[in-house]
Amino acid sequence: MVADADVVVHYAAESHNDNSLHDPRPFLDTNIIGTYTLIEAARNHNKRFHHISTDEVYGDLELDDPERFTEQTPYNPSSPYSSTKAGSDLLVRAWVRSFGLQATISNCSNNYGPYQHVEKFIPRQITNVIDGIRPKLYGKGENVRDWIHANDHSSAVLAIIAEGTIGETYLIGADGEKNNKEVVELILKHMGQSPDAYDHVVDRPGHDLRYAIDSTKLRNELGWEPQFSNFDAGIENTIAWYRNNEQWWRPQKAATEAKYKEQGQ
Ligand SMILES: Cc1cn([C@H]2C[C@H](O)[C@@H](COP(=O)(O)OP(=O)(O)O[C@H]3O[C@H](CO)[C@@H](O)[C@H](O)[C@H]3O)O2)c(=O)[nH]c1=O
């Protein structure tokens, strides 16, 4: 497959923190060995490679910290998931230096939009409300995530593939910081529910407090700008998508909720 490709863009990963806390092994197999397999294939076939990664490799920030993550922030991952992504980033960097792999890396903040698995925060709450279940907030709901629409993530990746400098890392983010409580309240508002119609549940062990991305390098060097900066409208459209595409998510819903129930979440 790699022999016939122009560019290998490596999005594939075990990506869900909660899953990694209950069964870390698939994260090592997929994120570490899987990435090793792909960079070896790209090296053997002399192909341009782009590695999709996460801002979680940088650990977390305090809620009141004025700083945001930059390409210079030291790696400090917290979870089995983010530590395997940090490991996969380092493999790519080593293949660039040792073997001259023509690779770039991007670390993106939290994505939202259509086609997201119902295990993730936003689709879980939307599909819960559709099913008459109250949304579930971990802990106090004060944790902050820096939301970006999936289409903006994709346009940034395209810009990096086209114009990015080999060996470089680019942070992708759209200045979308919101705490989890605000997001749930917005979903409830757009779904005609009372703003307090949610439950607090058991917190995630080691739960990262806040992620925040400074994407100046991507914007200045490659001229990238996000197009979907209206989060309110983005959430409304995402709700409409889940309402209109039940056949896509329904097969995963019961098993996903059963797993959460086992953890008191
Ligand atoms: C599923 C769920 C999550 N949460 C909280 C935990 C987090 O603070 C926030 C978002 O949770 P998640 O959707 O699991 O996403 P998070 O752990 O931030 O990680 C996401 O964003 C990362 C980028 O920052 C990606 O690398 C990961 O693959 C992706 O899963 O919502 C709740 O309060 N209730 C929930 O039911």
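This text goes with the structure placed above it.
Residues numbered from 1 in each chain as written. Predicted model: local features only at pLDDT ≥ 70, side-chain atom pairs only at ≥ 80, totals over all residues. Heavy atoms only, no water.

**Details of the packing of aromatic side chains**
Phase 1: Within this structure, the stated rule accounts for 12 aromatic pairs.
Phase 2: The interplanar angle of 85° and the centroid separation of 5.4 Å between the aromatic rings of Y58 and Y75 together place this pair among those described as edge-to-face. Residue Y58 is found in the loop between β2 (48–54) and α3 (80–99), and its partner Y75 is found in the loop between β2 and α3; the two are separated by 17 residues along the sequence.
Phase 3: Judged by relative accessible area, Y75 falls into the partly exposed class, the value being 24%.
Phase 4: What links up through ring pairs into an aromatic cluster is the set Y58, F69, Y75 and Y211.
Phase 5: Positioned above the aromatic ring of Y260, the side-chain terminus of R124 is 3.8 Å from the ring centre. (Phe/Tyr/Trp six-rings, centres within 6.5 Å; stacked < 30°, edge-to-face > 60°. Helix = DSSP H or I, 4+ residues; strand = E, 2+ residues; numbered from the N terminus. Buried < 20%, exposed > 50% of the residue type's maximum accessible area, 1.4 Å probe, protein only. Lys NZ or Arg CZ within 6 Å of the ring centre and 35° of its normal.)

**Here we look at unusual backbone geometry**
Phase 1: Phi angles above zero are rare outside glycine, and Y115 is one such case at about 65°.
Phase 2: The phi dihedral of D175 is positive, around 55°, even though this residue is not glycine.
Phase 3: Relative to the elements of secondary structure, D175 occurs in the loop between β8 (169–172) and β9 (177–179).

**Structural notes on the site of the ligand**
Phase 1: Taken together, 25 residues surround the ligand, and among them D55, Y81, K120, R204 and H207 come closest.
Phase 2: A distance of 2.7 Å separates an oxygen atom of the ligand from a polar atom in the side chain of K120.
Phase 3: Taking K136, its main chain carries an N or O atom lying 2.8 Å from a nitrogen atom of the ligand.
Phase 4: Computed on the free molecule, the ligand has an accessible area of 690 Å², of which 95% lies beneath the protein chains in the complex. (Near = heavy atom within 4 Å. Polar contact = N/O pair within 3.5 Å; in protein donor to acceptor, adjacent residues only side chain to side chain. Areas by Shrake-Rupley, 256 points an atom, 1.4 Å probe, with all protein chains shown as cover.)

**Thoughts on the sheet that holds β2**
Phase 1: Overall, parallel pairing links the four strands, which are arranged β1-β2-β3-β8 in an open sheet. If you trace the sheet from one side to the other, it starts and ends with β1 (7–10) and β8, each paired once. Averaged over neighbouring strand pairs, the angle between their axes works out to 20° when direction is ignored.
Phase 2: One ladder, built from six bridges, connects β2 with strand β3 (residues 103–108); its direction is parallel. Looking at β3, one finds that S53 is bridged to N107.
Phase 3: Relative to β2, helix α2 (residues 25–44) is tilted by about 160°, and along the sheet it contacts β1 and β2.
Phase 4: Across the sheet, helix α5 (residues 150–163) is in contact with β1, β2, β3 and β8; its angle to β2 comes to roughly 145°. (Pairing = 2+ DSSP bridges. Axes fitted to C-alpha atoms, helices over the stretch in contact; angles between N-to-C directions. Contact = heavy atoms within 4.5 Å.)

**Considerations on the pairing of β3**
Phase 1: Burial runs high along β3: six of the six residues are buried.
Phase 2: In β3, alternate side chains face the same way, and those of A103, I105 and N107 on one face and T104, S106 and C108 on the other are all buried.
Phase 3: The handedness of the β2 to β3 crossover, carried by α3, is right-handed.
Phase 4: Alignment of β3 against β8, held across four bridges, turns out to be parallel. The partner of S106 across the bridge, within β8, is Y170. (Right-handed = clockwise from strand over helix to strand, strands pointing away.)

**Side note on the layout of surface pockets**
Phase 1: Reported here for the largest pocket is a volume of approximately 940 Å³.
Phase 2: As for the largest pocket, its lining consists of 43 residues, of which S15, N110, N111, Q116 and K120 are closest to the centre.
Phase 3: If you list the elements that add at least two residues to the lining of the largest pocket, you get α1 (17–22), β2, α3, β4 (111–112), α4 (121–130), β5 (136–138) and α5.
Phase 4: Looking at the lining of the largest pocket, the element that brings in the most residues is α4, giving five residues. (1 Å grid on protein atoms, 1.4 Å probe; cavity = no way out; pocket = protein on both sides within 12 Å on 5 of 7 lines; lining within 4 Å. Points joined across faces, edges and corners; volume = space filled by probe spheres on them.)

By themselves, these are just geometric observations and shouldn't be taken as functional.
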